[in-house]
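A structural walkthrough
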Amino acid sequence: MRDYQAESLSHDPIHGYIPFTSRAGLPAGEAAEQDIIDHPWLQRLRQIHQLQTAWWVFPTAEHTRFQHVLGAMHLASRAAAELYDSLRAVCPDAPSRGYVESLMRLAALLHDVGHGPFGHFFDEHFLADYGLNHELLGGEIIRREFADSIRRVRRNPHSRLDDGETLDPEQIVFLITRPRQAAAIECRENNVGAVKRPATAVAGWASAISTPPVAAGGRFPEINHTTDNKQPPGDPPRWLRFLRALFSGLYTVDNMDFVLRDAYMSGYSARAFDLDRLLHYSEFSERGLTIHERGLSALVRFISVRAELFRAIYFHRTVRAIDLELQELFREGKRRFFPGDPREHLDCYLRLTEWSLLMEVSRWPDSDEPELRELGLRWREFLARRLKWKMVCERTVFFSPGESEQGSVLSSVETFEAAVRGQLPAALKELPIRVDTARHVHRPGAHTPAAGQNFLYDPATDAIHDLDQRMLFRRIAISYRICRIYALDDKHNALLTAALDRLTGAGGADDATNM
């Protein structure tokens, strides 16, 4: 009979029951997934909202990063179930199913462990001061706080590691960290044009020829999955680079969960995209994570819904107004609620959450220090949602392949604000305004580090192509920016709107008929 004591369940509104291994009945010295989940660093995520500041605008979107990472862990198992056989076919040196699945589950569970209060906002307005973001800081937390437990995990609810295999925490750090410049090594070696499968290929629509791994000392050294399994110097193994697409590619265990979860919890959509179809038509080919032609429409739908969530929820006009005021409050007060570089104060960072921060600033109005008291009163106004910046106008600018954002007035907030002021009459040059150029990337540009991780299989030609080969995908913009102007009142709305229209080129030719 199945040992139900070794497994626990968490019920989730998006995925139903999410199983994880429990401590009961484990051999001595072995760690359970429950040990990772119950760790104070993971439990801390219960006090950090998933939606940054959007929960102040969408009252039902009170879900946290903790719920999200459990969902991402569950999707890691679903992806492993669909993809492991094809990964092993193209990467014969890949470790066991139990190793790959456990590695992916723990990477999904830990991918947000470095987040601070207000999520990505904290990356930009605090962690960046120290050359950090939540991924880089999360890697440090994994190394210092989780490495021993990770090495002692030997099973998940669906599979087990083979004898002699030991999970490597550095591989988890690799998976959760987005490729950057030179670090974006060959997920795309020889990825030019189409690759046709040889007649001797393993059965399956996207299976590729099983080429032997490069020997140690070659460009991609083999990795040893033993009790001494440490990441060797040089490039990571091919199978690990392929898995990275499930954490930083077009569709990942992270973004597939947050799109479903955020859409549901905000009331936007109960079923935002077809997760089952997207996973069903995915496999690993000799080029990487590849989607069958039959799944392309599901992928395009996913990308479109994700972009719409950014427009409608994450970049909602009031959410961005809240962020504008939060920027000012952070700029003046962040040194008062945290002592410095989090790497030097991890114990303090463990205790820094939205709960602790909001409790701290709520006491500032009672301070005997005039400057702190004044700052606390401004926080009190902010928390009462008495916002001073009001949106005047908004335009969206799309950037297609080949169109550079860097050469436009939207290359930075400072450049854009200077351009707006340049369009105003002399008497209004110093008008109190704030500009916002919220940016969403639909898909990485061809030359960015995260590009080249997703491909398309065409059954008609039995070939694997870049996704750009299909007009359905090529028509998707690389990115867009929502350009907004905020002011303290509506006295100069017409002039500000006209300035924005001139800068964004709004107001082109109309259609010839109603159709």
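Remember, it's a predicted structure, so these values are computed and weren't measured experimentally. (Residues numbered from 1 in each chain as written. Predicted model: local features only at pLDDT ≥ 70, side-chain atom pairs only at ≥ 80, totals over all residues. Heavy atoms only, no water.)

Points about the overall build of the chain
Counting secondary structure elements, the chain contains 18 helices and 10 strands. Taking all 515 residues of the chain together, 56% fall into the buried category. Relative to all contacts within the chain whose residues are 6 or more apart in sequence, the contacts with residues 24 or more apart total 74%. As displayed, the chain has an accessible area near 22600 Å², and 50% of this comes from carbon and sulfur atoms. (Helix = DSSP H or I, 4+ residues; strand = E, 2+ residues; numbered from the N terminus. Buried < 20%, exposed > 50% of the residue type's maximum accessible area, 1.4 Å probe, protein only. Contact = heavy atoms within 4.5 Å. Areas by Shrake-Rupley, 256 points an atom, 1.4 Å probe, with all protein chains shown as cover.)

Topic: the packing of helix H16 (residues 413-422) against helix H18 (residues 493-504)
Orientation of H16 relative to H18, taken along the N-to-C sense of each, is 120°, at an axis distance of 9 Å. Here H16 is positioned oblique relative to H18, judged by the angle of their axes. Here H16 runs over H18; the crossing is right-handed. Residues Phe416, Ala419 and Val420 of H16 form the contact with H18, whose participating residues are Ala499, Leu500 and Leu503. Residue composition of the contact of H16 with H18, grouped by class: six nonpolar, no polar and no charged. (Axes fitted to C-alpha atoms, helices over the stretch in contact; angles between N-to-C directions. Parallel < 35°, antiparallel > 145°, perpendicular 65-115°, else oblique. Left-handed = near helix turned anticlockwise from the far one by under 90°. Nonpolar A, V, L, I, M, F, W, Y, C, P; charged D, E, K, R; others polar.)

Considerations on the sheet that holds strand E6 (residues 390-399)
Across the sheet, which stays open at both edges, the three strands sit in the order E6-E10-E7 with antiparallel pairing between neighbours. The outermost strands of the open sheet, each flanked by one partner alone, are E6 and strand E7 (433-441). If you compare each strand with its neighbour and ignore which way they point, the axes differ by 15° on average. Where E7 and strand E10 (residues 479-487) come together, nine bridges link them in antiparallel fashion. Following the sheet pairing, Val441 is matched in E10 by Ser479. Where H18 meets the sheet, its contacts fall on E6, E7 and E10, and the angle it forms with E6 comes to roughly 10°. (Pairing = 2+ DSSP bridges.)

Considering the environment of Phe315
Checked against the element boundaries, Phe315 lands in the loop between helix H11 (296-314) and helix H12 (317-337). When its relative accessible area of 8% is taken as the criterion, Phe315 is described as buried. Between the alpha carbons of Phe315 and Ile482 there is a distance of 8.1 Å; along the sequence they are 167 residues apart. If we skip the residues at most four places from it in the chain, Phe315 touches Phe310, Arg320, Ala438, Arg439, His440, Tyr480, Ile482 and Arg484.

A few points about the packing of helix H3 (residues 65-90) against helix H8 (residues 238-248)
A pair of packed helices can be characterised by two numbers: the angle between their axes and the separation between those axes. Between H3 and H8, the least distance of the axes is 11 Å, while the angle of their chain directions is 150°. It follows from the interaxial angle that H3 and H8 lie roughly antiparallel. Considering how the two elements wind past one another, H3 and H8 form a crossing that is right-handed. In this structure, H3 contributes Ala79, Leu83, Leu87 and Val90 to the contact, and H8 contributes Arg238, Trp239, Phe242, Leu243 and Leu246. When its residues are assigned to classes, the contact of H3 with H8 shows eight nonpolar, no polar and one charged.

What about H18?
Across its 12 residues, H18 extends 16 Å between first and last C-alpha, which sits within 8% of the 16 Å expected from 1.5 Å per residue. Within H18 the residues assigned to the buried category are Leu496, Thr497, Ala499 and Leu500. In a view along the axis of H18, the buried residues occupy a sector of 160°, so they form one face of it. Taken together, the buried residues of H18 touch E6, H16, E7 and E10. Where H18 ends, the next residue or the one after it, Gly505, has phi of about 70°, a positive value. (Expected span 1.5 Å × (residues − 1). Arc of directions from axis to C-beta.)

Notes on the environment of Leu279
Examined against the element boundaries, Leu279 turns out to sit in helix H10 (residues 275-280). It is 9.6 Å that separates the C-alpha atoms of Leu279 and Ala81, two residues lying 198 residues apart in sequence.

Observations concerning the pattern of salt bridges
Evaluation of the coordinates by the stated rule reveals 33 salt bridges. With a closest N to O distance of 3.1 Å, Asp148 and Arg152 form a salt bridge. Residue classification places Arg152 among the partly exposed positions, given a relative accessible area of 31%. Linked by salt bridges that have partners in common, Glu140, Arg143, Arg144 and Glu170 make up one network. (Salt bridge = Lys/Arg side-chain N within 4 Å of Asp/Glu carboxyl O.)

Section: the side chain of His442
In this structure, His442 sits in the loop between E7 and strand E8 (454-458). The class for His442 is buried, based on a relative accessible area of 10%. If sequence neighbours within four positions are ignored, His442 has contacts with Leu250, Ile303, Arg306, Ala307, Phe398, Ile476, Ala477, Ile478, Ser479 and Tyr480.

A few points about the packing of aromatic side chains
Counting across every chain of the model gives 21 aromatic pairs. Consider the rings of Phe126 and Tyr130, whose centres lie 5.7 Å apart with planes at 50°: the pair is tilted. Lying across the ring of Tyr349, Arg44 places its NZ or CZ 4.6 Å from the centre. One Lys or Arg, Arg244, reaches over the ring of Phe174 and ends 3.9 Å from the middle of that ring. (Phe/Tyr/Trp six-rings, centres within 6.5 Å; stacked < 30°, edge-to-face > 60°. Lys NZ or Arg CZ within 6 Å of the ring centre and 35° of its normal.)

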